Amino acid sequence: MTVIVVMGVAGSGKTTVGSALAERLGVEYAEADAFHPPANIKKMSSGHPLNDDDRWPWLHAIAAWISEHQRTGGVVSSSALKRRYRDVLRTGGDVWFLHLDGPRDVLAERMRGRTGHFMPVSLLDSQLADLEPLETDERGMVADILESPAAILDRALTELAKEQP
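Residues numbered from 1 in each chain as written. Predicted model: local features only at pLDDT ≥ 70, side-chain atom pairs only at ≥ 80, totals over all residues. Heavy atoms only, no water.

- By the naming in an unreviewed UniProt entry, the protein chain is Gluconokinase, taken from Amycolatopsis deserti.
- We quote the UniProt Catalytic activity (unreviewed entry) comment for the protein chain here in full: "D-gluconate + ATP = 6-phospho-D-gluconate + ADP + H(+)".
- The Pathway (unreviewed entry) comment attached to the protein chain in UniProt states, word for word, "Carbohydrate acid metabolism." (UniProt positions renumbered as here; feature names shortened; annotations may be inferred.)

Quick look at the environment of Ser 148
Line of reasoning, step 1. Along the chain, the position of Ser 148 falls in the loop between strand S5 (140–144) and helix H7 (149–163).
Line of reasoning, step 2. C-alpha separation for the pair Ser 148 and Val 17, spaced 131 residues apart in sequence, amounts to 9.4 Å.
Line of reasoning, step 3. Engagement of the side chain of Ser 148 in a polar contact is seen with the backbone nitrogen of Ala 151, the distance being 3.0 Å. (Helix = DSSP H or I, 4+ residues; strand = E, 2+ residues; numbered from the N terminus. Polar contact = N/O pair within 3.5 Å; in protein donor to acceptor, adjacent residues only side chain to side chain.)

Remarks on the pairing of strand S4 (residues 95–101)
Line of reasoning, step 1. Burial of S4 is extensive: 6 of the 7 residues sit out of reach of the surface.
Line of reasoning, step 2. The pairing of strand S1 (residues 3–7) with S4 spans 5 bridges and is classified as parallel. Within S4, the position partnered with Val 6 by the bridge is Leu 98.
Line of reasoning, step 3. In this structure, S4 lies alongside S5, joined through 5 bridges in parallel fashion. Looking across to S5, one finds that Leu 98 is bridged to Met 141. (Buried < 20%, exposed > 50% of the residue type's maximum accessible area, 1.4 Å probe, protein only. Pairing = 2+ DSSP bridges.)

Here we look at helix H1 (residues 14–25)
Line of reasoning, step 1. Between its first and last C-alpha atoms H1 spans 16 Å; for 12 residues at 1.5 Å apiece the expected length is 16 Å, and the two agree.
Line of reasoning, step 2. Residues of H1 that are buried include every one of Lys 14, Val 17, Gly 18, Leu 21 and Ala 22, and no others. Buried residues of H1, viewed axially, fall in a sector of 130 degrees; they line one side.
Line of reasoning, step 3. Of the surrounding secondary structure, the elements contacted by the buried residues of H1 are S1, strand S2 (28–30), strand S3 (74–77), S4 and H7.
Line of reasoning, step 4. Gly 26 lies just past H1 and shows a positive phi near 70 degrees. (Expected span 1.5 Å × (residues − 1). Arc of directions from axis to C-beta. Contact = heavy atoms within 4.5 Å.)

Overview of the layout of surface pockets
Line of reasoning, step 1. When its volume is computed, the second largest pocket comes out at roughly 150 Å³.
Line of reasoning, step 2. What lines the second largest pocket is Met 1, Thr 2, Ile 4, Leu 25, Val 27, Gly 73, Gly 74, Leu 160 and Gln 164.
Line of reasoning, step 3. Split by residue class, the lining of the second largest pocket holds 5 nonpolar, 4 polar and no charged. (1 Å grid on protein atoms, 1.4 Å probe; cavity = no way out; pocket = protein on both sides within 12 Å on 5 of 7 lines; lining within 4 Å. Points joined across faces, edges and corners; volume = space filled by probe spheres on them. Nonpolar A, V, L, I, M, F, W, Y, C, P; charged D, E, K, R; others polar.)

Quick notes on the pattern of salt bridges
Line of reasoning, step 1. Taken as a whole, this structure holds 15 salt bridges when the rule is applied.
Line of reasoning, step 2. The residue Arg 84 makes a salt bridge to Asp 52 at a minimum N-O spacing of 2.8 Å. Of this pair, Arg 84 sits in helix H4 (residues 83–90) while Asp 52 sits in helix H3 (residues 52–68), and the two are 32 residues apart along the sequence.
Line of reasoning, step 3. You can call Arg 84 partly exposed: its relative accessible area is 39%.
Line of reasoning, step 4. Of the charged contacts in the structure, one is a salt bridge between Arg 90 and Asp 87, with a shortest N-O distance of 2.4 Å. Pair noted here: Arg 90 and Asp 87 are both in helix H4, with a separation of 3 residues, about one helical turn.
Line of reasoning, step 5. Take Arg 90: its relative accessible area is 25%, and that puts it in the partly exposed class.
Line of reasoning, step 6. Connected through salt bridges with shared partners, the residues Arg 83, Arg 86, Asp 87, Arg 90, Glu 135, Asp 137 and Glu 138 form a single ionic network. (Salt bridge = Lys/Arg side-chain N within 4 Å of Asp/Glu carboxyl O.)

Shown next, in the form of structure tokens:
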């Protein structure tokens, strides 16, 4: 079965949309932040962006989760900012990307409104600079974060169904 990767920069709503999508599909949801080693959390908490070397173990851990959920399906969040990061996630098996995208000011406002999260607003611009849109050969779709989560879910499920055999 396809595993859905809900991707986007911080504040895009990956947890909200991803957990609701998993609930609607009756599959397991995994929060990408749970795959970060403590050193990554500490680095981001102190306002320093991750580099590729920091991200590789995290991405491979998510890919392993994807592999473990090929029979049952699942939903996992991941910023998946760059094509090469998504390539690592695809090593886990069949994936479909739901890219949550929106205006910087909305993303920043959402980040400021979060409590208990390690990612400071100061890192948003580094994520936006790293973000590479889905390419035409990558399965998935882009959703506008200004839409309601319910509308995003409905559209995503419709698009995903079109791709199923």
